[in-house]
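These are the residues of each chain, in order.
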Amino acid sequence: MPDDLHAKSSKGFGTRVTHVSRPGTRSHGFVNGPVYRGSTVLYPSCEARGSINAAGFEKHALTYGTSGGPTHFALEDAIAEVEGGTRTLIVGTGLAACAVPLLAYLKAGDHCLIPDAAYGPTRRLADGLMAGWGIETTYYDPTIDAEGLRALMRPNTKVLYTESPGSHTFELQDIPALAEVAHAAGAKVLMDNTWGIHHFQPFRHGVDVSIQALTKYVGGHSDVLLGSVTVNNEEDWHTVARAGRFMGHYASPDDCWLALRGLRTMAVRLKHQEAAGLEVARWFEGRPEVLRVLHPALPSHPQHALFRRDFTGACSLFGVVFQPRYTQRQLDAMVDGLKLFGIGASWGGFESLALPTTGYITRTATSTELLGGPTVRFHIGLEDTADLIADLEAGLASLGR
Ligand SMILES: *Cc1c(COP(=O)(O)O)cnc(C)c1O
């Protein structure tokens with residue numbers, strides 16, 4: 001069975017992630033390909049060695065381990081399929097996937113726009129290394145409209161960075177409208193699409209470079225760290241690949257293999273987790289202890305119309321704002337008492353998580369006080385939803401009215 005992606009792109013998502021990048025019968029008949037580990041790539045002759053582009057930017061070119069091997073290529077092709085782009089660069093972490101395109105498109109003297117609700121470590125990169133190299137960043141309200149963005153653009157603005165929904169606060173961005181403004185001013189649009197996964201198709205909405213933390217739902221089992229940078233044309237590929245390769249970014253083929261394994265079941269996990277997440281989110285909305293729930297797929301979300309317009313579904317990560325009468329200590333004690341929710345960062349695995357976020361959110365262009373109360377971020381896993389709700393019910397009872 002040939003890997004004819006285009007023939008398959010008319011098929012459903014579950015069908016595509018089940019079939020993409022499989023070896024057919026070439027792997028001694030086994031369903032999955034092997035893990036190809038390697039640094040040195042051998043050639044039959046000096047002439048053959050001389051005929052290759054040593055940078056390894058050509059698709060599936062085997063030059064040296066750092067430009068990847070067959071296991072990387074299989075994952076690259078699969079993620080390009082998920083994102084609807086032409087080529088993908090796999091790097092060691094989701095954070096590296098944020099950093100590589102930022103550093104690829106920006107140089108000393110350039111200006112970058114980053115949404116106030118960007119993933120925290122992305123802010124740290126901008127405020128630290130990027131600022132030190134003479135790259136200036138302006139943080140902007142993620143809910144900004146086209147006119148507001150136009151006012152922030154400068155002649156040296158080279159990158160509009162986006163992340164929708166925003167980390168911890170879950171604001172949605174009007175990506176097509178913002179992309180139009182950025183492109184008219186000659187800036188590239190980068191997007192951290194980790195929450196959207198395949199539910200948001202970046203290249204149909206004006207994005208030039210899409211970032212995923214494969215650590216989350218693609219890995220799906222909390223046992224792998226990996227990131228991807230996907231583009232939709234050769235020029236962007238060269239820009240991104242140069243930066244990634246020149247800085248020596250790489251990912252272990254074992255981790256790529258685990259991500260491919262996670263991908264095979266991602267469609268069904270996501271479908272379950274989307275429904276379970278919404279069930280728990282709606283349950284929270286009905287509780288008197290809760291002020292509001294930050295979940296883009298709920299009609300109560302302030303930008304729900306954008307969700308309906310641009311997304312085909314949701315993942316299972318959302319925030320809960322509790323009534324301001326509760327202190328953070330009370331909420332911490334409630335979270336400590338939950339039996340089925342782990343306390344920890346990351347998300348997208350099979351297990352449920354709860355993480356108090358009050359005090360951990362940095363905002364400079366907007367204010368988290370607008371949230372109105374202490375917040376907890378929930379990730380809903382594959383446990384039975386009734387058990388999760390029973391656990392939460394006992395937790396909220398411990399809070400008292
Ligand atoms: C987790 C995450 C990252 C970073 O991924 P790591 O693999 O943990 O480095 C980047 N962006 C978002 C939105 C994330 O949630």
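All values reported here derive from a predicted model rather than from experimental measurement.

Re the overall build of the protein chain
- The secondary structure content of the protein chain amounts to 14 helices and 11 strands.
- Over its C-alpha trace the protein chain gives a radius of gyration of 22 Å, about what one expects of a compact globule, namely 21 Å for 401 residues.
- With the principal axes as the frame, the protein chain shows a C-alpha extent of 80 × 55 × 35 Å.
- When burial is assessed residue by residue, the protein chain has 54% of its 401 residues classed as buried.
- In the protein chain, 74% of the contacts between residues at least 6 apart in sequence involve partners at least 24 apart.
- Counting only carbon and sulfur atoms, one obtains 55% of the accessible surface of the protein chain, whose full area is about 17,200 Å².

Brief notes about the packing of aromatic side chains
- Under the criterion given, the structure shown has 10 aromatic pairs.
- A centroid spacing of 6.3 Å and a plane angle of 85° characterise the contact between phenylalanine 284 and phenylalanine 322, whose relative ring orientation is edge-to-face. Of this pair, phenylalanine 284 sits in helix H11 (residues 266–285) while phenylalanine 322 sits in strand E9 (residues 317–322), and the two are 38 residues apart along the sequence.
- Phenylalanine 284 gets classed as buried once you look at its relative accessible area, which sits at 0%.

With respect to the sheet that holds strand E10 (residues 353–356)
- Pairing in this open sheet of 4 strands is antiparallel, and the strands run E8-E9-E11-E10 from one edge to the other. Edge strands, defined here as strands with exactly one partner in the open sheet, are strand E8 (290–294) and E10. Taking the axes of each pair of neighbouring strands and ignoring which way they run, one obtains an average angle of 20° across the sheet.
- Note that E9 and strand E11 (residues 375–379) share 5 bridges and pair antiparallel.

Rules behind the numbers
- Residues numbered from 1 in each chain as written.
- Predicted model: local features only at pLDDT ≥ 70, side-chain atom pairs only at ≥ 80, totals over all residues.
- Heavy atoms only, no water.
- Helix = DSSP H or I, 4+ residues; strand = E, 2+ residues; numbered from the N terminus.
- Rg over C-alpha atoms; globule rule 2.2 N^0.38 Å.
- Buried < 20%, exposed > 50% of the residue type's maximum accessible area, 1.4 Å probe, protein only.
- Contact = heavy atoms within 4.5 Å.
- Areas by Shrake-Rupley, 256 points an atom, 1.4 Å probe, with all protein chains shown as cover.
- Phe/Tyr/Trp six-rings, centres within 6.5 Å; stacked < 30°, edge-to-face > 60°.
- Pairing = 2+ DSSP bridges.
- Axes fitted to C-alpha atoms, helices over the stretch in contact; angles between N-to-C directions.

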